[in-house]
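Take a look at the letters that make up each chain.
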Amino acid sequence: MRLDPIDPALAARIVARAERAGDDWHPEYPFADELVPLRSLASRESADPVFTMYAIRDEEGVAVGGFGFFGPPDETGTVEFGYGLVPAARGRGLATAAVSEGLRIAAGHGAIRAIADTEETNLASLAVLTRAGMSEIRREGGMVYVARDL
């Protein structure tokens, strides 16, 4: 698994499904939940080179999902992230590897804490976040909020 950064131009191509040789996008990529942040990134002239969106690539180099920061660390050093995989790529450890790598990247660039959330009913996502060292900090409105010091 590897994370490849997505810049605004690439985000625009992904949204338009304008695949080029070497892009190697899974037929289900991007999944619906990823389109909103991709469109937002595509509308920018530039993006933070680290605290941006990343394509999650499987062991064969195929883009099967996304990992993204909601921006650089805030004044407390906290960074928020989200992730997702196309259904065909789930259950292979890719999400845990992607979250772990994303947290390593964040820590290496000054973040001291990471936060995320998921729906209470999304047991697979809760398991991924737990395996990546995240701990539950609260539940509210059907959501589970997690955090980890980096």
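Just above, that's the structure.
Residues numbered from 1 in each chain as written. Predicted model: local features only at pLDDT ≥ 70, side-chain atom pairs only at ≥ 80, totals over all residues. Heavy atoms only, no water.

**A look at the sheet that holds strand β1 (residues 2–6)**
Sheet strands line up and pair through hydrogen bonds in the backbone, either parallel or antiparallel. Taken together, 7 strands build an open sheet; the order of strands is β1-β2-β3-β4-β5-β7-β6 and the sheet is mixed. In this open sheet, the two edge strands, each paired with only one partner strand, are β1 and β6 (135–140). The mean angle between the axes of side-by-side strands here comes to 30°, regardless of whether they run parallel or antiparallel. In terms of strand pairing, strand β2 (residues 53–57) meets strand β3 (residues 63–69) through 5 bridges, oriented antiparallel. Residue pairing across strands places Ala-55 opposite Gly-66, the latter belonging to β3. Against the sheet, helix α4 (residues 123–131) touches β4 (78–85), β5 (113–119) and β7 (143–149), its axis set at about 165° to β5. (Pairing = 2+ DSSP bridges. Helix = DSSP H or I, 4+ residues; strand = E, 2+ residues; numbered from the N terminus. Axes fitted to C-alpha atoms, helices over the stretch in contact; angles between N-to-C directions. Contact = heavy atoms within 4.5 Å.)

**Details of the environment of Pro-27**
Mapped onto the elements of the fold, Pro-27 is located in the loop between α1 (8–16) and α2 (32–42). Pro-27 sits in the exposed class, given a relative accessible area of 71%. Taking the C-alpha atoms as reference points, Pro-27 and Val-64, separated by 37 residues in sequence, lie 8.7 Å from one another. (Buried < 20%, exposed > 50% of the residue type's maximum accessible area, 1.4 Å probe, protein only.)

**What about α4?**
Listing the buried residues of α4 in full gives Ser-125, Leu-126, Val-128 and Leu-129. The buried side chains of α4 occupy one side of the element, clustering within an arc of 160° when seen end-on. Exposed residues on α4 whose side chains face more than 90 degrees from its buried face are Leu-123, Ala-124, Thr-130 and Arg-131. On the buried face of α4, the contacting elements are β4, α3 (94–108), β5 and β7. Downstream of α4 by one or two residues, Gly-133 has phi in the positive range, about 90°. (Arc of directions from axis to C-beta.)

**Some remarks on the nonpolar core**
Ile-6, Tyr-29, Phe-67, Phe-69 and Phe-81 are the most contacted members of the largest nonpolar core, which has 41 residues in total. At 7 residues, the largest contribution of residues to this core is made by α3. Apart from the residues lying within four places of it in its own chain, the contact partners of Ile-6 are Ala-11, Ile-14, Tyr-29, Leu-38, Leu-41, Thr-52, Met-53, Tyr-54 and Ala-55. (Core = buried A, V, L, I, M, F, W, Y, C linked by side-chain atoms within 4.5 Å.)

**A look at the layout of surface pockets**
The calculated volume of the largest pocket comes to roughly 1,100 Å³. Surrounding the largest pocket, 43 residues form its lining, Phe-31, Gly-66, Gly-82, Tyr-83 and Gly-84 being those nearest its centre. Contributing elements (two or more residues each) for the lining of the largest pocket: α2, β3, β4, α3, β5 and α4. A per-class count over the lining of the largest pocket returns 20 nonpolar, 13 polar and 10 charged. (1 Å grid on protein atoms, 1.4 Å probe; cavity = no way out; pocket = protein on both sides within 12 Å on 5 of 7 lines; lining within 4 Å. Points joined across faces, edges and corners; volume = space filled by probe spheres on them. Nonpolar A, V, L, I, M, F, W, Y, C, P; charged D, E, K, R; others polar.)

**With respect to the packing of aromatic side chains**
With the rule as written, the count across this model stands at 5 aromatic pairs. Arranged with centres 5.1 Å apart and planes meeting at 70°, the rings of Phe-51 and Phe-69 form a pair that is edge-to-face. Linking Phe-51 in the loop between α2 and β2 with Phe-69 in strand β3, this pair joins segments that are 18 residues apart in sequence. Taking relative accessible area as the criterion, Phe-51 reaches 8% and is therefore assigned buried. Assessed through its relative accessible area of 8%, Phe-69 is described here as buried. Here Phe-67 and Phe-81 contribute two aromatic rings whose centre-to-centre distance is 5.3 Å and whose plane-to-plane angle is 20°, an arrangement assigned as stacked. Taken together, the residues span a long stretch of sequence, with Phe-67 in strand β3 and Phe-81 in strand β4 at a distance of 14 residues. For Phe-81, a relative accessible area of 2% translates into the label buried. Between the NZ or CZ atom of Arg-138 and the centre of the ring of Tyr-145, over which it lies, the distance is 4.0 Å. (Phe/Tyr/Trp six-rings, centres within 6.5 Å; stacked < 30°, edge-to-face > 60°. Lys NZ or Arg CZ within 6 Å of the ring centre and 35° of its normal.)

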